[in-house]
Amino acid sequence: MNIEKVAIIGLGLLGGSIGLAVQARAPHIATSGYDSSPAARAKAAERGLVGRVYDSAEEAVRGADLVILCVPVGAMREAAMAIADVLPPHAIVSDVGSSKQSVAEDLAAALPGATVIPAHPVAGTEQSGPEAGFATLFENRWCILTPPAGAEQAAVDTLAEFWRTLGARIEIMDPQHHDLVLAVTSHIPHLIAYTIVGTASDLEDVTRSEVIKYSAGGFRDFTRIAASDPVMWRDVFLHNKSAVLEMLGRFTEDLTALQRAIRSGDGETLHELFSRTRAIRRGIIEEGQDDERPDFGREH
Ligand code: NAP
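Residues numbered from 1 in each chain as written. Predicted model: local features only at pLDDT ≥ 70, side-chain atom pairs only at ≥ 80, totals over all residues. Heavy atoms only, no water.

Peer 1: Tell me about the overall build of the chain, and name the residues and values.
Peer 2: Across its full length, the chain carries twelve helices and nine strands. Here the chain has a C-alpha radius of gyration of 21 Å; the compact-globule value for 300 residues is 19 Å, and the two agree. Expressed as a percentage of its 300 residues, the buried residues of the chain come to 41%. Entry remark: accessible area of the chain is about 16200 Å², with carbon and sulfur atoms responsible for 54%. Of note, the chain has its 27 positive side-chain charges centred 4 Å away from the centre of its 41 negative side-chain charges. (Helix = DSSP H or I, 4+ residues; strand = E, 2+ residues; numbered from the N terminus. Rg over C-alpha atoms; globule rule 2.2 N^0.38 Å. Buried < 20%, exposed > 50% of the residue type's maximum accessible area, 1.4 Å probe, protein only. Areas by Shrake-Rupley, 256 points an atom, 1.4 Å probe, with all protein chains shown as cover. Lys, Arg positive; Asp, Glu negative; His and termini not counted. Charge placed at Lys NZ, Arg CZ, Asp CG, Glu CD.)

The following block contains the structure:
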């Protein structure tokens with residue numbers, strides 16, 4: 001199936017980036033968009049994030065071949081219900097939510113009979129809103145599709161091709177497995193960052209100005225992640241609850257083992273772990289998923 005028009009619901013970082021990427025890399029595809037925030041709609045129109053910004057979701061999806069929901073995972077059901085009555089029968093509905101099991105259930109419940117292929121582009125920044133989007137966000141990043149059992153192969157192929165056009169690499173995964181993988185690669189790291197930054201800000205015997213002044217010791221890299229959108233991340237933890245709790249259990253056990261090693265002066269355990277983890281960093285760089293220059297290529 002050819003996509004001639006894509007409708008984007010939610011014009012923040014992800015929605016805005018999709019709109020800009022389509023216009024840059026596939027200008028033959030028309031783009032329309034809607035956001036529940038009037039301020040976001042005005043900014044999206046000003047930045048030209050999509051060809052046309054509408055004042056209702058119903059108008060935005062009219063005539064669309066592909067509709068992508070780019071709202072927080074806790075708002076997916078409501079966003080899907082808003083288009084249920086006007087969705088063109090042939091349209092593919094997808095999303096970009098960071099957790100997949102709950103979103104798949106919400107979309108299936110809100111859009112019975114529709115062709116729903118959930119997806120998650122593993123690409124983002126700590127910024128949010130209509131000012132944050134940029135056209136190259138998905139280049140060389142993975143986009144994980146989680147088609148439901150029995151999904152139409154042609155629809156999966158069409159969606160995969162759409163994401164490849166935006167520069168992404170495609171992986172197909174079971175939603176449950178997706179949620180477990182992303183719990184450890186994304187959700188737990190965010191929880192750790194929120195925790196360490198919160199702990200530092202609550203300390204009484206270290207001043208706030210000291211925390212900021214000496215942040216180059218490692219702390220500032222956590223603050224980037226901990227500056228991520230609070231609504232988005234609240235929803236991720238509420239909606240990927242079981243996978244996050246499972247991985248958090250594993251993490252807590254490993255942390256306790258390190259605590260024991262430090263207390264008992266077991267340098268061998270510490271050295272063995274710290275050597276193993278360096279290999280992961282090398283693998284990420286070899287895969288082209290990060291900058292190999294020291295300190296992420298920051299200028300000093
Ligand atoms: P964002 O920048 O905050 O944009 C979301 C936009 O959707 C906001 O303007 C929001 O308006 C609007 N919205 C909320 N409910 C809506 C509704 N029912 N109908 C229409 N618009 C609605 O968020 P984002 O970073 O683009 O994230 C969007 C989705 O992408 C989330 O599901 C997230 O899990 C996923 N994701 C994010 C990243 C990342 O790094 N940020 C990466 C991959 C996937 P209000 O602000 O007024 O609520």
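Peer 1: Describe the pattern of salt bridges, with residues and values.
Peer 2: Counted under the stated rule, the structure contains 15 salt bridges. Between D106 and R77 there is a salt bridge, with the nearest N and O atoms lying 3.3 Å from each other. Residue D106 is located in helix 5 (residues 101-110), and its partner R77 is located in helix 4 (residues 76-81); the two are separated by 29 residues in the primary sequence. A relative accessible area of 13% places D106 in the buried class. Taking relative accessible area as the criterion, R77 reaches 38% and is therefore assigned partly exposed. Two residues, R298 and D221, come together in a salt bridge whose shortest N-O distance is 2.6 Å. (Salt bridge = Lys/Arg side-chain N within 4 Å of Asp/Glu carboxyl O.)

Peer 1: Tell me about the packing of helix 7 (residues 175-202) against helix 11 (residues 241-263), and name the residues and values.
Peer 2: Two elements in contact, helix 7 and helix 11, have axes separated by 9 Å at closest approach and are oriented at 65°. Classified by the angle their axes make, helix 7 and helix 11 are roughly perpendicular. For the pair helix 7 and helix 11, the sense of crossing is right-handed. Contacts between helix 7 and helix 11 involve D179, L180, A183, V184, H187, I188, L191 and I192 from the former and A243, V244, E246, M247, L248 and F251 from the latter. Looking at the contact of helix 7 with helix 11 residue by residue, the classes come out as eleven nonpolar, one polar and two charged. (Axes fitted to C-alpha atoms, helices over the stretch in contact; angles between N-to-C directions. Parallel < 35°, antiparallel > 145°, perpendicular 65-115°, else oblique. Left-handed = near helix turned anticlockwise from the far one by under 90°. Contact = heavy atoms within 4.5 Å. Nonpolar A, V, L, I, M, F, W, Y, C, P; charged D, E, K, R; others polar.)

Peer 1: Summarise the site of the ligand; cite the residues concerned and give the values.
Peer 2: Around the ligand, 28 residues are found, and the nearest of them are L14, D35, V71, S98 and G129. In the environment of the ligand, an oxygen atom lies 2.8 Å from a nitrogen or oxygen atom belonging to the backbone of L14. Summarising the interface, the protein chains cover 82% of the accessible area of the ligand, which totals 910 Å² for the free molecule. Mapped onto the shell around the ligand, the elements with two or more residues apiece are helix 1 (13-25), helix 4 and strand 7 (119-121). The element best represented in the shell around the ligand is helix 4, accounting for three residues. Of the residues that constitute the shell around the ligand, the class distribution is 15 nonpolar, eleven polar and two charged. (Near = heavy atom within 4 Å. Polar contact = N/O pair within 3.5 Å; in protein donor to acceptor, adjacent residues only side chain to side chain.)

Peer 1: Explain the environment of V50 to me, using residue names and the numbers behind them.
Peer 2: Tracing the backbone shows V50 in the loop between helix 2 (38-47) and strand 3 (52-53). Measuring from C-alpha to C-alpha, the distance between V50 and L258 comes to 50 Å, with 208 residues separating the pair along the chain. With residues near it in sequence (within four places) discarded, V50 still touches I8, L11, G19, Q23, T31, S32 and G33.

Peer 1: How would you sum up the environment of R282? Please name residues and give values.
Peer 2: Tracing the backbone shows R282 in helix 12 (residues 267-286). R282 gets classed as partly exposed once you look at its relative accessible area, which sits at 49%. Along the chain, R282 and G10 lie 272 residues apart, while their C-alpha atoms are 36 Å from each other.

Peer 1: Please provide a residue-by-residue account of the packing of aromatic side chains, values included.
Peer 2: One pass over the full model with this rule turns up three aromatic pairs. Note on F138 and W163: the rings are 5.0 Å apart at their centroids and 80° apart in plane angle, and the pair reads as edge-to-face. In this pair, F138 is assigned in the loop between strand 7 and strand 8 (142-145) and W163 in helix 6 (residues 153-165), connecting sequence segments 25 residues apart. Among the residues examined, F138 registers a relative accessible area of 0% and is labelled buried. Here W163 falls in the buried class, since its relative accessible area comes to 0%. (Phe/Tyr/Trp six-rings, centres within 6.5 Å; stacked < 30°, edge-to-face > 60°.)

Peer 1: Please set out the nonpolar core residue by residue, giving values where relevant.
Peer 2: Counting residues in each nonpolar core, the largest one holds 37 residues, and the members touching the most others are I18, F138, L145, F162 and W163. Here W163 is in contact with I18, V96, A119, P121, F138, C143, L145, A168 and I170, once residues within four sequence places are set aside. Counting residues in each nonpolar core, the second largest holds 24 residues, with A60, V67, V93 and A110 among its members. (Core = buried A, V, L, I, M, F, W, Y, C linked by side-chain atoms within 4.5 Å.)

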